[in-house]
Amino acid sequence: MNNPRGRWMAAGLLAALCIGCLGALFGGTREAGYRFLWAAALAALTVLGGRCLNLPDRRERRCFMALGALMAGAQALGLRLELSGYTGVTGLLLCVGAGVGAGPAAGCALAAAWRGLCALPLGPKERRRSTRQVAWGCAALIFVCWLPVMLAYWPGISAYDIYTQIFEVFEDDYTNRNPLLHTLILGAFYRLGEGLGSAALGYALFILMQMAVMAGAYGAAMGYLWRIGAPRAFFWTALVLFALFPVHAMLAISDTKDGFFVALLVLVVIRFHRLLEDPSLMRRPGFVAGFAALGALMCMMRNNAFAGILVALVAGLVALGKEGRLRLCALMLGTLVLYQGALNGLKAAFDASGTLATELVSVQSQQMGRVYAFYHESEPDDSYEIATWLPTVEDYTPYTADPLKTFAIVDKPERMWGFLKLWGRVGLRHPVTYLDAWLLNTCGYWYLDDTTHARIYGEGADTHLGYLLSGQAETVGLASDGYLPGLRALYESLFSANEYQRIPVLSLLFAPALWVWLAALVGVGAASRRDRRTLALLALLALPVGCFLPLLLGACVLIRYAYPLVACVPLVLGCALARERREAR
């Protein structure tokens with residue numbers, strides 16, 4: 001559409017579509033008190049939408065309009081679920097209509113945000129400090145900033161899978177349900193502490209080592225941003241996030257495997273970017289060995305991390321020329337072979353069993369549980385069969401599959417097949433209910449105003465639950481009052497009682513959905529360009545996104561599950577902005 005007047009008319013019609021769909025979804029169009037608000041919203045959507053439709057670059061316009069429509073539709077859908085608890089066919093269509101109508105306006109805002117990032121002032125060409133100095137200095141600063149939190153929770157938080165892992169060590173009966181390598185490292189430090197006379201001391205040494213590894217990885221990321229010339233304002237913002245954003249500190253002092261995993265992921269992302277920028281590095285044995293070792297260790301720290309390697313491989317094949325594709329295939333597949341060989345060797349050495357089959361049926365359990373909750377009286381035969389496969393189906397809750405999938409009867413291949421046959425048969429009769437179950441279970445990843453992810457296990461300062469778990473395993477000798485009770489009380493208030501949600505604007509930083517949409521913005525911003533380096537940036541983003549995607553089929557939404565994006569989006573965005581910087585010069 002080349003007619004400017006026609007574009008403004010289209011913007012007005014789309015704005016009217018959005019307002020009409022929102023009015024039908026949530027009401028309020030007839031009350032006099034709301035009419036001015038609806039009119040103001042219509043005008044704003046029209047103005048912003050018109051500006052987007054008049055962007056001169058067609059590719060940029062289409063990319064940001066598509067992202068805007070997706071994001072706006074997702075927020076409408078999330079609000080619908082929050083207020084009504086279900087979507088319905090009509091609700092789904094109205095949410096799609098609202099997203100399409102708001103797409104140009106949201107796209108205008110997103111395009112402006114991206115252009116603002118790309119216009120950040122450039123730093124000086126000459127750098128007085130070397131990359132190594134910056135990396136070590138940033139790592140030391142990050143570690144020091146985390147130390148008060150460690151002292152407040154001395155000897156560290158032990159609230160995730162600590163009992164499962166320690167009991168495996170006690171009984172010498174290992175599994176790979178939690179990554180076996182992580183269990184062995186944790187157990188070794190625990191035994192060291194017992195030998196020194198205090199299990200808590202051994203656990204504190206484990207936490208300090210984890211903090212050092214994570215701080216070192218984030219320091220390396222900062223050094224790399226310095227090396228490639230990221231804008232100075234962005235560099236300092238990223239450093240502040242790594243050092244002071246409480247999620248980093250809390251996970252660094254926790255027993256969860258996500259800390260080690262994400263630290264290794266950051267190091268792999270750095271090497272992957274170097275590879276994409278200079279494919280000749282794949283001819284260097286040292287670089288190849290380092291990449292394969294880091295990638296294999298990363299996969300051994302999280303069972304689903306191999307998906308990130310596979311997604312990055314596919315994206316990298318598209319980004320690289322013919323000469324580099326064969327080498328990339330060999331590198332990535334070699335990394336996976338090394339990972340599988342090392343894992344199988346550990347499992348054989350410690351006679352460890354594999355992952356429980358129940359971990360594979362989170363979504364299916366939620367979907368059948370929701371059908372049971374809504375139709376157990378009208379469809380008694382199916383409900384009886386569902387209860388046979390899911391003995392705890394009465395405990396269905398919309399936001400976590402743990403109460404159901406943990407006890408699903410899928411321990412043998414024939415039972416898994418029977419479970420899946422029932423799931424498919426029931427789903428044919430209740431597709432919208434199945435969709436609602438999945439949307440409710442994942443809404444924290446795409447609905448910015450979601451708060452359910454912060455109370456999956458409960459909330460309250462005395463519970464040590466809430467947004468981040470902060471308990472300590474007293475039974476195995478890992479409990480302590482810490483050394484900074486004031487700071488500990490503050491963190492308990494913020495992240496166990498979820499008082500952080502009362503902080504305007506800043507509370508949005510803690511939403512997993514924000515980091516998902518930031519990743520999408522980086523991808524769309526890169527895709528809006530027309531050069532070949534666009535493919536390289538998309539391939540780079542594919543690595544952390546690929547590690548995150550399997551979690552959309554997981555049991556619930558937690559910030560630690562989105563942690564790969566929290567840690568890697570600043571790094572990938574910095575790489576994108578540094579590219580803009582080089583081209584501007």
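A brief structural summary. Everything numeric in this text was worked out from a predicted model, so none of it was measured.

Thresholds, definitions, all that
- Sequence order as written defines the numbering, with residues in each chain counted from 1.
- Only residues with pLDDT of at least 70 get local features here, since the model is predicted, and only at 80 or more are side-chain atom pairs given and counted; chain-wide, interface and lining totals rely on the full set of residues.
- To get the side-chain values, all heavy atoms of the structure are used, and hydrogens and water are removed first.
- Every helix listed is a DSSP run of H or I at least four residues long, and every strand listed is a run of E at least two residues long, numbered separately from the N terminus.
- As defined in this context, the radius of gyration uses C-alpha atoms, and a globule is described by 2.2 Å times the residue total to the power 0.38.
- Three labels apply to residues, based on accessible area from a 1.4 Å probe with only protein chains included: buried if under 20% of the type maximum, exposed if over 50%, partly exposed otherwise in between.
- To be clear on the numbers: accessible area is Shrake-Rupley with a 1.4 Å probe, and residue cover counts the displayed protein chains and nothing else.
- Throughout this description, the term salt bridge denotes a Lys or Arg side-chain nitrogen within 4 Å of a carboxyl oxygen of Asp or Glu.
- By convention, a stacked pair of Phe, Tyr or Trp rings (six-membered ring in the case of Trp) has centres within 6.5 Å and planes under 30 degrees apart, an edge-to-face pair has planes over 60 apart, and any other such pair is tilted.
- Both a distance and an angle decide whether a charge sits over a ring: NZ of Lys or CZ of Arg must be within 6 Å of the ring centre and within 35 degrees of the ring normal.
- Put simply, a patch holds well-exposed residues, over 30% relative accessible area, that have no salt bridge, with like charges counted together within 9 Å and Val, Leu, Ile, Met, Phe, Trp or Tyr side chains within 5 Å.

### Quick look at the overall build of the protein
Within the protein one finds 23 helices and zero strands. At 25 Å, the protein has a C-alpha radius of gyration in line with the 25 Å of a compact globule built from 585 residues. The dimensions of the protein, computed from C-alpha atoms along their principal axes, are 80 × 75 × 55 Å. Out of the 585 residues in the protein, the part that is buried amounts to 53%. When the accessible area of the protein is evaluated, it comes to approximately 25,100 Å², of which 64% is carbon and sulfur surface.

### Side note on the pattern of salt bridges
Once the charged atoms of two side chains with opposite charge are near each other, the side chains can pair. Throughout the structure, instances matching the rule amount to 12 salt bridges. For the salt bridge of Glu359 with Arg177, the shortest nitrogen-to-oxygen distance reads 3.4 Å. One end of the pair, Glu359, is in the loop between helix H14 (322-350) and helix H15 (362-375); the other, Arg177, is in the loop between helix H6 (162-171) and helix H7 (180-196), and 182 residues separate them in sequence. Taking relative accessible area as the criterion, Arg177 reaches 37% and is therefore assigned partly exposed. Glu359 serves as the salt-bridge partner of Lys405, at 3.2 Å between the closest nitrogen and oxygen. Placement of the pair is Lys405 in helix H17 (residues 402-405) and Glu359 in the loop between H14 and H15, with a sequence separation of 46 residues.

### So, the packing of aromatic side chains
Aromatic ring pairs: the centre-centre distance and the angle between the two ring planes describe each pair. Scanning the model with the defined rule gives 25 aromatic pairs in all. A cation sits over an aromatic face here: Arg80 above Tyr86, 5.1 Å from the ring centre.

### Observations concerning a nonpolar patch on the surface
Among the surface-exposed residues, Leu192, Leu196, Leu201 and Leu205 lie close enough to one another that they form a single nonpolar patch of about 320 Å² accessible area. The set of elements that each furnish at least two residues to the nonpolar patch consists of H7 and helix H8 (199-228). Along the chain, Leu192 falls in helix H7. Among the residues examined, Leu192 registers a relative accessible area of 40% and is labelled partly exposed.

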